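If you want the building blocks of each chain, they are given just below.
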Amino acid sequence: MIIVTGANGQLGRAVVEGLLKRVPAERIGVSVRDPNQAQDLQERGVRVRRGDFDDAESLRRAFEGASQVLIISSGTLGEAGIRHHRTAIEAAKKSGADRVLYTSHMGSSPTSRFAPMIHHAATEQLLGDSGMAFTSLRNGFYAASALMLLGDALRTGELIAPEDGPVAWTAHADLAEAAAAILSEPQFDGPTPNLTASEAIDMEGIAAIASEVAGRTIRRIVVSDEEYRDRLRSQGLPEARAAMLTGIFQASRQGDFAQVDPALANLIGRPPIHFREVLKESMDRQSS
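Residues numbered from 1 in each chain as written. Predicted model: local features only at pLDDT ≥ 70, side-chain atom pairs only at ≥ 80, totals over all residues. Heavy atoms only, no water.

Close contact between helix α10 (residues 225–234) and helix α11 (residues 239–253) brings their axes to 9 Å; oriented N to C, the two are set at 145°. Judged by the twist between their axes, the crossing of α10 over α11 is right-handed. Note on element contacts: α11 touches α10 through Glu239, Ala242, Ala243, Leu245, Thr246, Phe249, Gln250 and Arg253, opposite Asp225, Tyr228, Arg229, Leu232 and Arg233. For the contact of α10 with α11, the residue count by class is 6 nonpolar, 2 polar and 5 charged. (Axes fitted to C-alpha atoms, helices over the stretch in contact; angles between N-to-C directions. Helix = DSSP H or I, 4+ residues; strand = E, 2+ residues; numbered from the N terminus. Left-handed = near helix turned anticlockwise from the far one by under 90°. Contact = heavy atoms within 4.5 Å. Nonpolar A, V, L, I, M, F, W, Y, C, P; charged D, E, K, R; others polar.)

Next up, the structure:
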């Protein structure tokens, strides 16, 4: 049985939907904090069990009978997040699973200027130390994050951010489809190639695409890291989050997210979704 954690979230649910197109529902299980939110999956034949990263026993029950377990990153940073992943890996091992998969990142590195990459690298180390077969999905940078970094630029006409570098912005839908393909036909040991869109785009490029889609000029304005952090703090963001978001630009300046690879296109059998389409879809949703 293939178990997917976090199946009530955007990526986890999309992975399950992809799996349902590839394997029988009775071969799929989900581990979710609130089973009531996954009743539709249960009605379609998916096994639904409660699993909480803060409750090792719940994970062991949720992973019972697993051949593979996909751990969707918990989203909690620092030691608490790494502890969550350690608990899940240990539960998968105790369940007798043959392989653990983890949604990592193309920029995974213990020395990254962007804090979540350190978190991913630590989890990959846990996987390597576990003695289990594992696959680390080196996902491209989520295109949804570029939408977040755009902020209110579509309203103000100004995309204000520090100096940056190109980023291979990649759609959730493509990464979910790739994960489903890898789960249904295991083919990678250890880290995968970078699973990215076909183009890396910097903030200047994002502004140009936003201008094209919106039909009005969006200007790219470069500010210092310090001014950007101050702007974020003035908007009510805590210091730690402001520093983390600034780290995206510091890491991208070093080229950490610029590499593109054909692996994702090969897995899904088509060109990856371009950021332009992600932005257009987001704008259409907001206007409907």
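Next up on the list: the side chain of Asp52. Along the chain, the position of Asp52 falls in the loop between β3 (47–50) and α3 (56–62). Beyond its immediate sequence surroundings of up to four residues, Asp52 is in contact with Arg33, Ser58 and Leu59.

Right, let's get into the pattern of salt bridges. In the structure shown here, the tally under the stated rule is 20 salt bridges. For Asp40, the salt bridge goes to Arg13, with nearest N and O atoms at 2.8 Å. With Asp40 in helix α2 (residues 39–43) and Arg13 in helix α1 (residues 10–20), the pair connects residues that are 27 residues apart, well separated along the chain. Residue classification places Asp40 among the partly exposed positions, given a relative accessible area of 30%. Close ionic contact of Asp189 with Arg99 constitutes a salt bridge, the shortest N to O distance being 2.5 Å. With Asp189 in the loop between α8 (172–184) and β8 (190–191) and Arg99 in strand β5 (residues 99–105), the pair connects residues that are 90 residues apart, well separated along the chain. (Salt bridge = Lys/Arg side-chain N within 4 Å of Asp/Glu carboxyl O. Buried < 20%, exposed > 50% of the residue type's maximum accessible area, 1.4 Å probe, protein only.)

Attention shifts here to the sheet that holds β3. Reading across from one edge, β3-β2-β1-β4-β5-β6-β8 is the order of the 7 strands in this open sheet, with parallel pairing throughout. What marks the edges here is a single partner per strand, and that holds for β3 and β8. The pairing of strand β1 (residues 2–5) with strand β2 (residues 28–32) spans 4 bridges and is parallel. Paired with Thr5 across the strands is Ser31, a residue of β2. (Pairing = 2+ DSSP bridges.)

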